[in-house]
Each structure stands twice: as structure tokens, then as C-alpha cells.
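Survey of secondary and tertiary structure
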Amino acid sequence: MRFIFKTDYAQDIRLAKHGGHLFWYGLLGAILLAAPWWASEYVMSQLHFICIYSIVGFGLMILTGFTGQVSLGHAAFLAVGAYTEALMQAAGVPFAVSISCAAIFSAAAGIIIGLPALRLKGIYLAIATLAFGVVVEEIITRWTKLTGGNEGKHLKPVEILGWKLDSDAEFYYLCLALTVLCCLACVNLLRSPTGRAFVAIRDSEISASCLGVNLAKYKTMAFAISAALTGVGGALYAHKLAFISPEQFTLFQSIELLTIVILGGIGFLHGAVLGAAFIIVLPQLISIAKGWLPEGMAPSGLQAVVFGLILILFIIFEPLGLYGRWLKVRTYFELFPFYRKGMFRRQKSYMKSERLR
Amino acid sequence: MSFFKVENLGIRFGGVVAVDKVGFEVRRGECYTIIGPNGAGKTTIFNLIGLLYPATSGKITFEQKEINSFSPHQVADLGIARTFQNIELFEHATVLQNLLIGRHRHRKTALWQELLFTPSVRAAELAQREAVEKVIDFLELAKVRDNLVAGLPYGLRKVVELGRALATEPKLLLLDEPSSGLNPEETDDMAFWIEDIKRHLGVTVLMVEHDMNLVSRVSDRVLALNLGSVIAEGTPAEVQAHPAVIEAYLGKAA
Ligand SMILES: Nc1ncnc2c1ncn2[C@@H]1O[C@H](COP(=O)(O)OP(=O)(O)OP(=O)(O)O)[C@@H](O)[C@H]1O
Ligand SMILES: [Mg+2]
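Just so you know, these numbers come straight off a predicted model, no measurement behind them. (Residues numbered from 1 in each chain as written. Chains lettered and ligands numbered in written order. Predicted model: local features only at pLDDT ≥ 70, side-chain atom pairs only at ≥ 80, totals over all residues. Heavy atoms only, no water.)

1. Some remarks on the domain arrangement of chain A
Residues and elements named next belong to chain A. Our working rule: Each domain span listed reflects an automatic or database assignment of domains. The contact criterion used is simple: two residues touch if any of their non-hydrogen atoms lie within 4.5 Å. Once two parts are put together, the accessible area they lose, assessed with a 1.4 Å probe and summed over both, is termed the buried area. Whenever a carboxyl oxygen of Asp or Glu lies within 4 Å of a side-chain nitrogen of Lys or Arg, that contact is scored as a salt bridge. N or O atoms within 3.5 Å of each other form a polar contact, as long as, within protein, one can give a hydrogen and the other can take it, and as long as residues adjacent in sequence are counted only when both atoms are side-chain atoms. Going along the chain from the N terminus, every DSSP run of H or I of four or more residues is numbered as a helix, and every run of E of two or more is numbered as a strand. Gly falls in the polar group here, along with every residue not listed as nonpolar (Ala, Val, Leu, Ile, Met, Phe, Trp, Tyr, Cys, Pro) or charged (Asp, Glu, Lys, Arg).
Partitioning chain A into structural domains gives domain 1 (39–301) and domain 2 (318–357). With 13 residues of domain 1 at the contact, the number on the domain 2 side is nine residues. For the domain 1 and domain 2 pair, buried surface summed over both sides reaches about 810 Å², with 70% attributable to carbon and sulfur atoms. Together, Ile206, Phe268 and Leu274 form the three largest contributors to the area buried by domain 1 at its contact with domain 2, with a combined 48%. Applying the counting criterion to the domain 1 and domain 2 interface returns zero salt bridges. Summed over the shared surface of domain 1 and domain 2, the number is zero residue pairs in polar contact (both at pLDDT 80 or more). Contributing elements (two or more residues each) for the side of domain 1 that touches domain 2: α13 (251–264) and α14 (269–292). The element that contributes the greatest number of residues to the side of domain 1 that touches domain 2 is α14, accounting for four residues. Looking at side-chain class alone, the side of domain 1 that touches domain 2 contains seven nonpolar, five polar and one charged residues.

Structural data, given as C-alpha cells:
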């Protein structure tokens, strides 16, 4: 069991709260940095995807996990980022500029969808964002002049100041660096007034506005930041695949992205990474499982079914996701043998001001 | 020069006239209490002051500013803070975070600075923390500082909500039934705090309260309301002895 003696307010805003943090994150960092030496080509490719999905996960976590706004249209922001990158690269724009534009254009799209979303909540917001996603998918299919329609767009490897990142390792370091940057930005945001305003909106809009939080402004901001991160993820995604077409930005993609945050654990940045790793590894597990199933018992839609099932099971039985589960296990061992059964149960509150809803 | 003034305030919900032609004035530095039986329209008046609903009629002025056309967050920015009768805390955040959100109107940093967590953000955060710690000291919340609100007992949640309102450093503090649901000991603490808030922090308090002991102890003036209309105004003793008030609470004498 660890006791942390606090002697200074700065301790609470420090990133590494104690030596253990430094050690474990240092170790993780070292393992990740050394990946090109220990990982096979296949694992490297998985790591690319985990980084990319983590960035998108951070974005969705800010919006859904911390601000409490559901989005079933995040594939649209992924698409905006991906196509911006593809088109700008084709036009010879340097990578630093094009990926920034991917973020900015996505943020702009986020603001556009954020505006009507100001009046919508819960399931209605989900439907509105879903519709937005479908519209964007339709636009990129139809606007063939710009996007190439169903023929898609090809991308060359990333080139930074004349240095071609065409090996797996080089692209991996780019993804890793951007993941760490995005993660730090999110952590910083969440320990600042803006992040707290997001959490306030999630937990009680009434209270938030009575404390001076401008709901419209902060919700729009959450959409913009979330979309910007997703746009960055989209740009990397486009490079990873080297070929993009509307098929990659469907409703199913949006659901998969939402699965990241729900599986990982709503309201924890760690959850975004865990969730990303999980949905990247899951299809492999499914295809292994398919091998064991008798002929005809492995329908082609199995993956979607398993995804849906896991989503439902998590929402019902483990609403805090994988990270929440880990917290419980850790607390169990830290407190052993004093762990109580109801420790993580949250008191239900029936006392909310119903009339104000 | 009035500090806070409400004139001819009214609202109807469908057929129900919840508040009808209510007017009163709160002087700087006093504790002004609104009493009245259940459903008299007390909470509704608070919601109208906070502009959570648009009033059907009337005018609200705070420090010479007419605030009717403001939105709720602008009201908060002027220095009006409130608590809720049914507690509206940020459940999935710690007590400390709840109070820090109360500091929202005192934030000074821009988004890009926050994303980089520049030294100015760090300094601002430490300053906010210090301000919040003063409230924590004042309300003796140190023990639960890092607890999630969702796990706290009712009485403490009420104190946390009071703390969150205080963290905004309000000029006018609206308290909706601060003692409801509290045991006698907690009520006593609450009375003590309200007196202190008025005297030592110099905050003007506008309160809705049922507990007449508490009302007499802390209020300078009292307004009695029944069925949305004002029936009496004066010192606590005057209002308690007023025939219309007795009638409203106990019914007409046979
Ligand atoms: N949003 C609303 N919609 C419809 N009717 C409402 C609404 N809010 C309040 N009312 C009605 O207005 C009247 C006054 O309600 P209010 O909550 O202000 O009473 P109160 O004086 O605070 O009572 P209590 O002592 O029980 O808190 C009640 O008849 C109530 O039903
Ligand atoms: Mg009330």
C-alpha cells in the first residue's frame, strides 16, 4: 500500500504523482521506443494502428468521456483528416503544414456539427452525429473530382524536409511521437480550467452554467478539439493504408471508434489507449477463433456481431471499461485484505432537480 | 442605490401562476430570507434570478445593471452564485475538482496556453488552488478533499455545494434551503457558516429556508410568500407574527 504525503499544491498538478509512475511510464516508454528491435513486421503494423487509434481515442474521449457528448459520426472527422492529407500531399504541401491543416479542417467540421448539437442531448445527439457521418460519407463518394469517389486516393510515404519515412520503423516513430504529443496536450487540457469545464458540463449542465461556464462555447470547443485530434489520426491513417476510399469512413468505422472509448473506460485517457489496443487485437482473436469453429459456423459478419456484443456487455457489466477494471484490481491488491465489495459502487442520486431538465 | 432588486416578477407554467408580481430589494451585506409553504414559488424565484427560465414579466437589477436579457453564465460572471435545493454537484469528480470548477469565472489563461501547460497556467492553477484551500479550511472539508462526491453522505454534499458557490467569490449568494435534510448538529454548523459568510466574507446572502430557528438566527429581513405572491415582509419576528403568514402555514382559524 502506498501513502503519498502531500506537502505542496504543485504535487497535485504534477504529471508523475510518485516514483512508481516515473518508473512504469519510463519502462513503457523504453519498450515502445525499442519496438523496431523486438517487434515483427506484423506487430509493428499493429503498433502503427494502435497509435493512430489512440489519437482518435483521445479525441473521442475528450468529447464523449469528459464532456458527455456522444458522437456516432467520428468517421467523418477521420475522413476529413485523411482526405486533407491525401490531397495536400498530392499538391506538394509539406507534411507539417498538411497535418496541421488536417487538424484545422477537421476542427472546422467539428464546429459545424457542434452548432446544432448545442440543442441536442443523448440519443438525439447520437442520431444527429450519425446523420452527419452519413452525409460526409456520401459527399466523399459523390464529389469524385476532389476525392476520386470510389476509386479512392493513393498516398506516398510521409516526407519531412526531404527525409522519406518509408520504413516501418520510421513511420512508427512518427506515429508514436504524435501520440505522445496529443496525449500530453489532452492531459494538460484536463488539468486546466477548460478541461474542468468539460467535466462540469458532463456531470450537470445546470450547475455548470450557474458557475459561469458558457455551455455553447465549451461544447463547441469540445467538438472542435475532439475533431482536430481525430483529423490528425485520420491523416496518419491515410498514410498507414496508403490508399483511402469512402469504404473506410462508414458508420461501422464510427461505431468502432466509439467502441474504443467505451471498452477502454469512459472518462480515462488511459482507456483510449487500452481500447485502441483492444480493438486492434480483437479481429486477430476473432480470426483465430474462426479457425476453431466448425465449417459454416463462422459467418463473415462475425466481427461486427462480436463488437456489438462486447459493447453491450461492457455497457451493462463494466461501465468503467478496461481501465476501470484495472483500477479495481489494483485497489484490491493495494488494500489486500481490506477490500470491500461495494467500494466502487457509486451512490445513486435520486435527488437531482428534475424540474430543471 | 440598490444592490439587488426584483420588480414585478412573474412567471406562469401553463395554467399555474408560480410567481406573481413579486418585488423585493436586497441590501448590500444583509441576509435576506424568503419563506413560504411548499409550492409557494421560492425555488422558482431563484431560477428566475439565475435566468434558467425566462420570466413572463418583471425586471431584475443587480448593481444598477438590468440582467433580464443575460444568459445563466453571464449572471454567474457578475458574481451571483447559488446552491440548489436538490444538490446539483459534479458527481464523478472529487470535492477538490468541484470547488475548482467554482473558480471558473476567475480563469485567466487561453486554450493554447492550457494545451502546453505554460508556466503562466501553472502559476494560475496554484493560485486557484490556494483560493479553493481557503474555502476548504473555512468549511472544514480537508478530510474529504480527494473523495469522489458520488460517495459522500448527504450532509457533506450540501457543504460541498456551499463551498463550490463560495469558491466563485460571489457578491450575492443564493442558498436554496441550506438546512433541508441536515441533522440538528449539521444545521447548527450551517447557521454558523452563513453568519460568517455574511459578517467576515462580506457576502450578501439571499436564502430560502423553512427552519424558522435558523431563519431568525441569521436573517436581517424576511419575505413571506404564498401561492406565488408576497404576503409579508419585515424582521423575522414581525413576519412570524403576521396574521397572513400564520394563516398561510396553519390555515384560517375557524
Ligand atoms: N418547470 C416547471 N414546470 C411546471 N411547473 C413548475 C415548474 N417549476 C415549478 N413549478 C410549479 O411552480 C410552483 C412553485 O414551485 P417551487 O418549486 O418554486 O416551490 P417552492 O416554494 O420552492 O416549494 P418547496 O418548498 O417545496 O421547495 C409549484 O406549483 C410547482 O409545481
Ligand atoms: Mg423549493
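2. Details of the packing of α13(A) against α14(A)
Residue and element names in this part refer to chain A. Which entries qualify depends on this criterion: Between N-to-C directions, angles cover 0 to 180 degrees, with each direction set by a line fitted to C-alpha atoms, over the stretch in contact for helices. Roughly parallel here means an angle under 35 degrees, roughly antiparallel means over 145, roughly perpendicular means 65 to 115, and every remaining angle is called oblique. Crossings are sorted by hand: turned counterclockwise from the far helix by less than a right angle, the near helix makes the crossing left-handed, and turned clockwise it makes it right-handed.
Closest axis-to-axis distance for the α13/α14 pair is 7 Å, and the angle between their directions is 120°. Here α14 runs oblique to α13, going by the angle between their axes. You can see that α13 and α14 cross each other, and the crossing is right-handed. Counted together, Glu256, Thr259, Ile260, Leu263 and Gly264 of α13 and Gly271, Ala272, Gly275, Ala276, Phe278 and Ile279 of α14 form the full contact between these two elements. Looking at the contact of α13 with α14 residue by residue, the classes come out as six nonpolar, four polar and one charged.

3. Points about the sheet that holds strand β6 (residues 80–82) of chain B
Residues and elements named next belong to chain B. The following threshold applies: Strand pairing is defined by DSSP finding a minimum of two bridges between the two strands.
Sheet architecture is open: six strands sit in the order β6-β7-β8-β3-β9-β10, paired in mixed fashion. Each of the sheet's edge strands pairs with one partner strand only, and the pair in question is β6 and β10 (229–234). With direction set aside, neighbouring strand axes in the sheet form an average angle of 20°. Where strand β3 (residues 31–35) meets strand β9 (residues 221–226), four bridges bridge the pair, whose relative direction is parallel. The residue of β9 that forms the bridge with Tyr32 is Arg221. Contacts from helix α7 (residues 184–199) reach β3, β7 (172–176) and β8 (204–208) within the one sheet, and its direction differs from that of β8 by about 145°. Relative to the sheet, helix α10 (residues 243–250) contacts β3, β9 and β10, its axis offset from that of β10 by approximately 130°.

4. Some thoughts on the coordination of the magnesium ion (ligand 2)
Note on metal sites: the ideal angle is 109.5 degrees for four tetrahedral donors, and 90 or 180 degrees for six octahedral donors. Put simply, the test is: Note on donors: an N, O or S atom is included if it sits within 2.8 Å of the metal, or within 3.2 Å for Na, K and Ca, and water is never included, so sites can look incomplete.
Distances from the magnesium ion (ligand 2) to its protein donors, namely Thr43(B) (OG1) and Gln85(B) (OE1), fall within the range 1.8 to 2.0 Å. Residue Thr43(B) is found in helix α1 (residues 42–49), and its partner Gln85(B) is found in the loop between β6 and α3 (95–102); the two are separated by 42 residues along the sequence.

5. A short note on the sheet that holds strand β1 (residues 4–13) of chain B
Residues and elements named next belong to chain B. As summarised here, the arrangement of the four strands in space is β2-β1-β4-β5, forming an open sheet in which the pairing is antiparallel. Each having just a single partner strand, β2 (16–26) and β5 (65–66) make up the two edges of the open sheet. Here five bridges tie β1 to strand β4 (residues 57–62), and the two strands are oriented antiparallel to one another. For Glu7, the partnering residue across the bridge sits in β4 and is Lys59.

6. Observations concerning unusual backbone geometry
Residue and element names in this part refer to chain B. Applicable threshold: Three exposure classes are used, based on accessible area relative to the maximum for each residue type with a 1.4 Å probe and protein chains only: buried under 20%, partly exposed in between, and exposed over 50%.
The backbone of Leu51 shows a phi angle near 60°, a positive value even though the residue is not glycine. Tracing the sequence through the fold places Leu51 in the loop between α1 and β4. Among the residues examined, Leu51 registers a relative accessible area of 12% and is labelled buried.

7. Things to note about the environment of Leu115(A)
Among the secondary structure elements, Leu115(A) is positioned in helix α6 (residues 95–117). Expressed as a C-alpha distance, the spacing of Leu115(A) and Phe249(A), which sit 134 residues apart in the sequence, is 22 Å.

8. Focus: the nonpolar core
Let me state the cut-off plainly: Side-chain atoms within 4.5 Å link the members of a nonpolar core, which is a set of buried Ala, Val, Leu, Ile, Met, Phe, Trp, Tyr and Cys residues.
Tyr53(A), Leu174(A), Phe198(A), Leu236(A), Ile244(A) and Phe249(A) are the most contacted members of the largest nonpolar core, which totals 97 residues. Considering every element that reaches this core, the biggest residue donor is helix α4 (residues 41–66) of chain A, with 15 residues. Each residue touching Tyr53(A), except ones within four places of it in the same chain, is listed here: Tyr237(A), Gln253(A), Glu256(A), Leu257(A), Ile260(A), Ala276(A), Ile279(A) and Ile280(A). Ranked by size, the runner-up nonpolar core spans 35 residues in total, among them Cys31(B), Val144(B), Ala165(B) and Leu182(B).

9. Examining the interface of chain B and chain A
Contacts between chain B and chain A engage 48 residues on the former and 42 residues on the latter. Surface buried jointly by chain B and chain A totals about 4,000 Å² across both partners, of which 58% is contributed by carbon and sulfur atoms. Taken together, the connections running from chain B to chain A amount to one salt bridge. Note that Arg196(A) and Glu125(B) form a salt bridge whose closest N and O atoms lie 2.9 Å from each other. The tally of links from chain B across to chain A stands at eleven residue pairs in polar contact (both at pLDDT 80 or more). Of all the secondary-structure elements, those providing two or more residues to the side of chain B that touches chain A are α2 (72–78), β6, α3, α4 (111–116), α5 (119–138) and α6 (154–167) of chain B. A total of seven residues in the side of chain B that touches chain A trace back to one element, the largest contributor, which is α5(B). The class makeup of the residues in the side of chain B that touches chain A is 23 nonpolar, ten polar and 15 charged.

10. Re the pattern of salt bridges
Applying the stated rule across the entire model yields 17 salt bridges over all chains. Here the salt bridges do not stand alone but share partners, grouping Arg28(B), Glu63(B) and Lys171(B) into one network.

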